[in-house]
Amino acid sequence: MSAKGDYHEALWEGVPEGLDPLDFALRSRFLSDHVRAGERVLDVGCGEGCFAFALARAGATKVVGIDVAAEPLRRARVRHPELDLRQVRAERAWPLEDASFDAVWAGEVIEHVADTAGWLSEVRRVLRPGGSLLLSTPGHGRLQMLRWALEVRAFEAHFDPRGDHLRFYTRRTLTELLEDFGFHEVDVRGAGGPPGARRQLLASARRSRF
């Protein structure tokens, strides 16, 4: 296995098996608002398969879950053996056909991606024209940034260089990024705890037809 593979596997070593994802109910409601029964959905960074299972149960015709690490897929296959789960290589083209999905869901993934341009290009490639990109990522609002500016320890804890988050998004930077990569009808909203607490950005966007 490559060094990058070892890195992703190591991240999962510290994650207890069987945990529900953070804000699972909140993000599940977001998905149910944007994915219709009968659609083909790709769950990028599917982890233990919780969202992929929820999507399949909600009536998605085809659900495929992909992840760069083998360990979460092993766990997912134990919990949900009926799911179509596949391992992909980090920062490589996904072995999926062009325009083969109506929606792509990426929950808490984009902040871990080093090659954001390459990753978004793959998302766009596998989406049909007019298909939906749905994602969540930790938000960085004004009150949070003010707190980090005033509290050195809070800043150092959040932006720890040993952490696994490589990118940090605000509502504006995420909106501009998606627009730059050929998405339109971009809607990015804050959700979760009260201002100043842990909050998420929930984003929906449509792949342009050209």
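Preceding this section is the structure that the text describes.
Reading guide: rules and limits
- Residues numbered from 1 in each chain as written.
- Predicted model: local features only at pLDDT ≥ 70, side-chain atom pairs only at ≥ 80, totals over all residues.
- Heavy atoms only, no water.
- Pairing = 2+ DSSP bridges.
- Helix = DSSP H or I, 4+ residues; strand = E, 2+ residues; numbered from the N terminus.
- Axes fitted to C-alpha atoms, helices over the stretch in contact; angles between N-to-C directions.
- Contact = heavy atoms within 4.5 Å.
- Phe/Tyr/Trp six-rings, centres within 6.5 Å; stacked < 30°, edge-to-face > 60°.
- Buried < 20%, exposed > 50% of the residue type's maximum accessible area, 1.4 Å probe, protein only.
- Patch = residues over 30% accessible without salt bridge, like charges linked within 9 Å, V, L, I, M, F, W, Y side chains within 5 Å.
- Areas by Shrake-Rupley, 256 points an atom, 1.4 Å probe, with all protein chains shown as cover.
- Salt bridge = Lys/Arg side-chain N within 4 Å of Asp/Glu carboxyl O.

K.L.:
Sorry, what's going on with the sheet that holds strand β5 (residues 127-138) here?
P.N.:
Strand-to-strand pairing in sheets goes through backbone hydrogen bonds, with the strands running parallel or antiparallel. Read from one edge to the other, the open sheet built from seven strands follows the order β3-β2-β1-β4-β5-β7-β6, with strand pairing classed as mixed. At either margin of the open sheet sits one strand with a lone partner, and together these are β3 (84-87) and β6 (183-192). Strand-to-strand, the axes of this sheet are offset by a mean angle of 15 degrees, without reference to chain direction. In this sheet, strand β7 (residues 199-207) lies alongside β5 in antiparallel orientation, the contact comprising seven bridges. Bridge assignment links Ser136 to a residue of β7, and that residue is Leu202. Seen against the sheet, helix α5 (residues 116-126) touches β1 (40-44), β4 (101-107), β5, β6 and β7 and runs at an angle of roughly 140 degrees to β5.

K.L.:
What exactly am I supposed to notice about the packing of aromatic side chains here?
P.N.:
By convention here, two paired aromatic rings are described through the distance between centres and the angle between planes. Under the defined criterion, the tally for this structure stands at three aromatic pairs. Between Phe51 and Trp105, the aromatic rings sit 5.3 Å apart at their centres with planes inclined by 65 degrees, giving edge-to-face as the arrangement. Placement of Phe51 in helix α3 (residues 50-57) and of Trp105 in strand β4 is noted, with a sequence separation of 54 residues between them. Residue Phe51 shares its accessibility class with Trp105, and that shared class is buried.

K.L.:
I keep staring at α5 and nothing clicks. Help me out?
P.N.:
Given 3.6 residues per turn, any residue in an α-helix points the same way as the ones three and four places further on. Listed as buried for α5 are Thr116, Trp119, Leu120, Glu122, Val123, Arg124 and Val126. Where the residues of α5 are buried, they touch β1, β4, β5, α8 (171-180), β6 and β7.

K.L.:
What exactly am I supposed to notice about a nonpolar patch on the surface here?
P.N.:
A surface patch of nonpolar side chains, about 330 Å² in accessible area, is lined by Leu143, Leu146 and Leu150. With respect to the helices, strands and loops of the structure, Leu146 is situated in helix α6 (residues 142-150). Taking relative accessible area as the criterion, Leu146 reaches 46% and is therefore assigned partly exposed.

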